[in-house]
Amino acid sequence: MATDLHELLRSLRVWNVDLPAFDPSTAPDAPLPLFTAWFAEAVAAGQVEPHTMSLATADEQGLPDVRTVMLHGADEEHGWSFATHAGSRKGRHLAARPYAALGFYWPAQARQVRVRGPVTTAPSEDSQGDLHARSTGALAAALTGRQSEELGSLRELASASEAAWAQAQREPESPVPSWTLYRLQPDEVEFFQGDARRRHVRLAYRRGEGREWTRGLLWP
C-alpha cells in the first residue's frame with residue numbers, strides 16, 4: 001500500500017522529550033560562549049552528529065541553495081569555520097557572493113542556532129592543515145575531487161575513490177590545492193529554545209557599527 005505523505009506528516013510529533021529551560025537574562029554578552037555551552041549540552045544529551053549544519057549560499061543570480069556540511073571550528077578571531085573544494089558549487093557561490101548563513105538543529109533539546117555573515121578564505125597553509133588533521137577518509141574524499149561535477153557512473157566514482165584511498169593511506173600529507181577552509185564572521189547569531197506549549201524563546205545577537213554585540217528577544 002502506498003504511503004500517504006500527508007497522513008504520515010500529521011502523525012508525527014515533535015519534542016517528545018523533557019526540554020531544558022532557557023533564561024535569556026543569564027546569557028553572556030557575546031554569542032560564542034553560549035554557542036559553545038549549547039553545543040556541549042547537545043553532545044551530552046546524545047544528539048546525533050551535532051557538528052553538522054545547514055549552509056545556505058546564493059549563486060551569481062542571487063538564487064539560494066542549501067546543503068549540510070560539518071563545522072570545523074569556531075572562535076572569536078575567525079568566527080565559524082567549514083571547508084570544501086574551491087571549485088564546488090558552494091565554493092563558486094562564495095567566490096561570487098562571499099556571504100552565507102548557517103543553521104544548527106539539535107532536536108534532542110529542541111534547540112536551533114542560526115548564524116549569518118560575510119565569509120573569507122583562510123590561508124592555504126591553514127586549509128591544508130585543517131584537511132590533514134582530519135581522518136584518512138576525509139583526505140581520500142578530498143583527493144577524489146571533482147565535487148559537484150557531473151558523474152558518468154558509480155563505477156567511475158568507485159575507481160577514483162579506490163585510487164584516492166590508496167594515496168591517502170600511502171601519503172597522508174598529500175596536498176589538495178583546491179581544499180579551502182572558509183570562515184564566517186557573524187553579523188547575527190540567533191538562539192532558539194523550543195517550548196512544548198509553543199512559547200519558544202528566541203534570543204538574537206547583532207553586531208553594531210563598532211562591532212560590539214547587542215541582543216534582544218524575538219517573537220516566536
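Just above, that's the structure.
Described below are features of the structure shown in this document. Everything numeric in this text was worked out from a predicted model, so none of it was measured.

### Section: the overall build of the protein chain
When you go through the protein chain residue by residue, the secondary structure sums to six helices and ten strands. Taking the principal axes of its C-alpha atoms as reference, the protein chain extends roughly 60 × 55 × 40 Å. Relative to its 220 residues, the protein chain shows a buried fraction of 35%. A fraction of 65% describes how many contacts in the protein chain between residues 6 or more apart in sequence connect residues 24 or more apart. Of the roughly 13100 Å² of accessible surface on the protein chain, a fraction of 53% belongs to carbon and sulfur atoms. A gap of 6 Å separates the mean positions of the 23 positive and 28 negative side-chain charges of the protein chain.

### Description of the packing of aromatic side chains
Two aromatic rings, taken as a pair, are described by how far apart their centres are and by the angle between their planes. Evaluated as defined, the whole model comprises eleven aromatic pairs. With centroids separated by 5.2 Å and ring planes inclined at 75°, the aromatic side chains of phenylalanine 22 and tryptophan 38 adopt a geometry described as edge-to-face. Here the residue phenylalanine 22 occupies a position in the loop between helix H1 (5-11) and helix H2 (31-44), and tryptophan 38 occupies one in helix H2, the gap between them amounting to 16 residues. When sorted by exposure, phenylalanine 22 lands in the same class as tryptophan 38, which is buried. With a centroid separation of 6.3 Å and 90° between ring planes, the pair formed by tyrosine 205 and tryptophan 213 is classed as edge-to-face.

### Side note on the nonpolar core
With 29 residues, the main nonpolar core has Phe35, Trp80, Phe82, Leu102, Phe104 and Val113 as its most contacted residues. Per element, the largest residue contribution to this core is five residues, and it comes from H2. In this view, phenylalanine 104 contacts Phe35, Pro50, Thr52, Met53, Leu71, Trp80, Arg111, Gln112 and Val113; residues no more than four positions away in its chain are not counted. Counting eleven residues, the second-largest nonpolar core is a separate cluster that includes Ala140, Ala164, Ala168 and Leu181.

### Quick notes on the side chain of serine 88
Along the chain, the position of serine 88 falls in the loop between strand S4 (79-85) and helix H3 (89-96). Of note is the side chain of serine 88, whose polar atom sits 2.8 Å from the backbone oxygen of histidine 85. From its side chain, serine 88 meets the backbone nitrogen of glycine 91 in a polar contact 3.1 Å long. Discounting chain neighbours no more than four positions away, the residues touching serine 88 are Gln147 and Ser148.

### Some details on the environment of tryptophan 106
If you trace the backbone, tryptophan 106 turns up in strand S5 (residues 99-106). With 55 residues separating them in the primary sequence, tryptophan 106 and histidine 51 have C-alpha atoms 9.6 Å apart.

### Quick look at the environment of glutamate 76
By the element assignment, glutamate 76 lies in the loop between strand S3 (73-75) and S4. A sequence separation of 46 residues divides glutamate 76 from alanine 30, and the C-alpha atoms of the two residues are 9.5 Å apart. When residues no more than four places from it in sequence are discounted, the contact partners of glutamate 76 are Ala30, Leu32, Pro33 and Gln185.

Cut-off values and rules
- Residues numbered from 1 in each chain as written.
- Predicted model: local features only at pLDDT ≥ 70, side-chain atom pairs only at ≥ 80, totals over all residues.
- Heavy atoms only, no water.
- Helix = DSSP H or I, 4+ residues; strand = E, 2+ residues; numbered from the N terminus.
- Buried < 20%, exposed > 50% of the residue type's maximum accessible area, 1.4 Å probe, protein only.
- Contact = heavy atoms within 4.5 Å.
- Areas by Shrake-Rupley, 256 points an atom, 1.4 Å probe, with all protein chains shown as cover.
- Lys, Arg positive; Asp, Glu negative; His and termini not counted.
- Charge placed at Lys NZ, Arg CZ, Asp CG, Glu CD.
- Phe/Tyr/Trp six-rings, centres within 6.5 Å; stacked < 30°, edge-to-face > 60°.
- Core = buried A, V, L, I, M, F, W, Y, C linked by side-chain atoms within 4.5 Å.
- Polar contact = N/O pair within 3.5 Å; in protein donor to acceptor, adjacent residues only side chain to side chain.

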